[in-house]
Each structure stands twice: as structure tokens, then as C-alpha cells.
Amino acid sequence: MSGEEPMAENKPFCIPKWVALAAWAKVHDNRGAAGVDDVSIQAFEKKLKNNLYRIWNRMSSGTYFPPPVRRVMIPKPDGRERPLGIPTVGDRVAQMVVKMYLEPLVEPLFHKDSYGYRPRKSALDAVGVCRKRCWRYDWVVDLDIRGFFDNIDHSLMMHAVRKHTDCPWVLLYIERWLKAPAETEDGTLITRDRGTPQGGVISPLLANIFLHHVFDTWISREYPDCPFERYADDVVIHCSSREQALAVKASVEARLRRCKLEAHPDKTRIVYCRDGNRTEDHNDIKFDFLSYSFQPREAKNRWGELFTSFLPAISGKAIKAVTAEIRKWRIHRMSRQELNDLARKFNPIIRGWVYYYGRYYPTALWRPFAGLNRRLVRWAQGKYKRFRTRQRQATDWLRRMARQNRALFAHWQIGIAP
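This section reports on the structure supplied with the text. Keep in mind it's a predicted model, so treat the numbers as computed, not measured. (Residues numbered from 1 in each chain as written. Predicted model: local features only at pLDDT ≥ 70, side-chain atom pairs only at ≥ 80, totals over all residues. Heavy atoms only, no water.)

**Digging into the overall build of the protein chain**
Here's step 1: Counting its regular elements, the protein chain contains 15 helices and 11 strands.
Here's step 2: Seen along its three principal axes, the alpha-carbon backbone of the protein chain occupies a region of about 75 × 60 × 40 Å.
Here's step 3: Looking at the protein chain as a whole, 49% of its 418 residues qualify as buried.
Here's step 4: The contacts in the protein chain between residues at least 6 apart in sequence include a share of 66% that link residues at least 24 apart.
Here's step 5: In the form shown here, the protein chain has an accessible surface area of approximately 21200 Å², with 49% of it arising from carbon and sulfur atoms.
Here's step 6: Positive and negative side-chain charges of the protein chain, numbering 72 and 46 respectively, have mean locations separated by a distance of 9 Å. (Helix = DSSP H or I, 4+ residues; strand = E, 2+ residues; numbered from the N terminus. Buried < 20%, exposed > 50% of the residue type's maximum accessible area, 1.4 Å probe, protein only. Contact = heavy atoms within 4.5 Å. Areas by Shrake-Rupley, 256 points an atom, 1.4 Å probe, with all protein chains shown as cover. Lys, Arg positive; Asp, Glu negative; His and termini not counted. Charge placed at Lys NZ, Arg CZ, Asp CG, Glu CD.)

**So, the packing of aromatic side chains**
Here's step 1: Taken as a whole and judged by the stated rule, the model has 26 aromatic pairs.
Here's step 2: Aromatic pair Trp24 and Phe44: ring centres 5.2 Å apart, planes at 25°, arrangement stacked. Of this pair, Trp24 sits in helix H1 (residues 17-30) while Phe44 sits in helix H2 (residues 41-46), and the two are 20 residues apart along the sequence. Of the two residues, Trp24 and Phe44, both sit in the buried class. (Phe/Tyr/Trp six-rings, centres within 6.5 Å; stacked < 30°, edge-to-face > 60°.)

**Side note on a positive patch on the surface**
Here's step 1: A cluster of like positive charges, contributed by Lys267, Lys317, Lys320 and Arg367, occupies part of the molecular surface.
Here's step 2: Within the fold, Lys317 resides in helix H11 (residues 316-329). (Patch = residues over 30% accessible without salt bridge, like charges linked within 9 Å, V, L, I, M, F, W, Y side chains within 5 Å. Salt bridge = Lys/Arg side-chain N within 4 Å of Asp/Glu carboxyl O.)

**Focus: the nonpolar core**
Here's step 1: One finds Met59, Trp169 and Ile237 to be the most contacted residues of the largest nonpolar core, which totals 70 residues.
Here's step 2: Of all the elements, helix H9 (residues 203-222) adds the most residues to this core, at 10 residues.
Here's step 3: In this structure, Cys130, Phe289, Tyr292 and Phe409 belong to the second largest nonpolar core, which totals 58 residues. (Core = buried A, V, L, I, M, F, W, Y, C linked by side-chain atoms within 4.5 Å.)

**Focus: the environment of Asn30**
Here's step 1: Examined against the element boundaries, Asn30 turns out to sit in helix H1.
Here's step 2: Owing to a relative accessible area of 57%, Asn30 belongs among the exposed residues under this scheme.
Here's step 3: Spatially, the C-alpha atom of Asn30 lies 9.9 Å from that of Ile41, the residues being 11 residues apart in sequence.

**Section: the pattern of salt bridges**
A side chain of one charge can pair with a side chain of the opposite charge if their charged atoms are brought near each other.
Here's step 1: This model, assessed by the stated rule, comprises 20 salt bridges.
Here's step 2: Note that Lys112 is salt-bridged to Asp113, the shortest N-O span being 3.1 Å.
Here's step 3: The exposure class assigned to Lys112 is exposed, which follows from its relative accessible area of 55%.
Here's step 4: For Lys383, the salt bridge identified is with Glu338, shortest N-O distance 3.0 Å. Of this pair, Lys383 sits in helix H13 (residues 366-383) while Glu338 sits in the loop between H11 and helix H12 (339-357), and the two are 45 residues apart along the sequence.
Here's step 5: Each of Lys112, Asp113, Arg133 and Glu229 takes part in salt bridges that share partners, so that together they form one network.

As C-alpha cells, this is what we get:
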């Protein structure tokens, strides 16, 4: 791939060659699994020049047709599964080419309270804003869109995209990606007449474009005094009264129906942000948002006095997931490893948990990390004969290690030591 101008070759679509190379760099950095062709990032890179030229040539000539998406089922916390679509590496490059063209057009137009899959915005930003607004607004509509990614209407999706571009090749390939079939593990092809697969490079951007028109601009116009936070299809709407929350909930449900979507009838709820000053009776006083549970919690004011506030902390589902992951490590069976080896192996994961779940109300992390400390004690008992039947002494030894090198494990640094 050189930097020569594409017009040197007679192509109906003007796509510079350097864009394919830049798209590859982004796909390479994002890593990811192989698609239906079993070609990995490393294998694609071995024939990089030919592979990129083939993608650019076909996209520029209008003859690029995306291969099927590899469909894998991912377990959900409730025991069910959700489908994840994994495009081939080459198709991820092609999708990135379109994303690099389209994203700069739409990103400046997106609502400031849309946080998902956007540059310089994060889930923690959304949690922080939601936290402050729960102090100012008494009521919340906790909105769950049933099967959002699987049920986006293709004609409405293309209508939304056309509001932002009339570029022929961008529209052509987005339509082809929407219609590309999924291939199951046994090789069965599943045709798709709606939805965009989670896992694709272009899917998050398309989802944001769709909900920008279906939800963000609509609710800002219809209910300008009801702020919201949206991360992809996870939405929290703040209201001043129960009556306003009921009206907003009904209007949003009707709006989604008109756009061929559905608010989940069991998961979409009105929640009362109860605290020490809010004492109304209401069944729901808790909601989950981005793996944080918002609910009444004990807090201290600036004078050290206890009071009840409405605060986020790691959710119960997230605690179960973290605990299950720690259990899978089977640290107590790694008696051949040194403590430093365990830290090098597991601390990057622990640090990620501390960074995300420890931002707000970090004391709630005590439960999963206390379990990790217990497993480290069991490791010490297996490692050193002098502790084999002396759990108390093994605990004391691990405490000394934590005092001497608190930075060894990330959860020790936030005070959750043995």
C-alpha cells in the first residue's frame, strides 16, 4: 500500500489508499478474534500489502461484499445468552474505513449526554453525571430497550444515516453490512432482515446515530427539563415528580413503538431516589446502570456525621462476576509460584476492577477482594510448610507483606488488605 492517489486507477468510488492503511492500524491495535475465515490478526498481517490492496480495490470498485459474521453466544448474568457477531479481520478493516469517514460527520452533532463508544467519553463519566443528578432529581425512569441491537429496523437505520451523508459508497456498504448473514458454530447461515450485530466495528456508531434521532433529540425536544444519560442502549432519565416520571415513561414507550422498538416491560421501571430527606413510599428505590447499583447508602458529611444519601457502588451482579473470576484463578493451587509471580499475573486485572468499580463508593469492593485475600492466605498455607495447619500465622504473614509492599496488589493500595 503506497500513498499514491486512487484516481490513478479508474474506480467509481474515490477512496484514498492511505485510509485502508490507517484503518488497519486501528484494527490491529484493537486486536480481536478471527472471523468465519479463521484468519487471525497475525495471519492477516503476514500478507498485509495484498490483503489491504484487495479490500481497497473492491471497495473502490463497488464489488466489496462482506462475508458472514461469526456468531458466538456470550453468557449473561441472568443465565441467558446474547449473540455476539465477529466479522473477519478484513471486514473489520473495511468497516473501519467507513467509520473513519462517517464518525467525524456525526460526532459533533451527538448529544452531550450520549456516552457510549464515543471519543473522550466513558462509562465512568456517565455514572458520575448520573450520581449528581440523582441528588437534584427525586425520580428516575430506568429504561431498558428490549433486544436493541437485534431489532433495529434497517429502513429506519438507513433513513437516519442519510440525514448525515449522501456518500454513495458509505451508504452502499452500510446497507450490505446490515444485511450480511451470521454463521453459527455448525456452519448454518442466518439471514438478517433487522438488527446490527454487536461486535462489529461499525455497529456502535450506527447504534448511536439511530438513537440520536429516535431518543436523544426527541426527548430533548419533548421533555427539555428531564436530563438523561445514555450509554448505547442503557438509559437513565431524571424527573422531578412521580407524575412526570409516569408521563415520560409512557411517552418513551410510545416513541419506541413508533420506531419499531420496545421498552422491556419488566426491566423498564420508575425509581425513587430515596435518601435522608426523601421519605415517600415507593416499591423501587434502586436501579443498576453500567454495573453500578444506585441506592440509599450511608455516607458522612464534611463534619463526619452519618446520613443517608443516594449513591452508586459496584452492583450485585458485578460482585458475583468478579468473585466468579477470582474463583476461576484457583490461586490456592499455585503453590509453585512466588507472591510476586501472582501479582504480575493477576494485578493488571485487579487494577482494572479497582479503577472502574473503585471510583465511587470503593468500600463496596470489600466483599470480592476479601475473598481474594482469603485465597492468598490459602496459597501461603500451601506454599510454606510452617503455615500448613496455621491459618492465623499465614494471615499475619500476608498482612506483613501488604504493609511492606502495599503496591504489590491494587486492592491493597485502597486499604483492602488481609
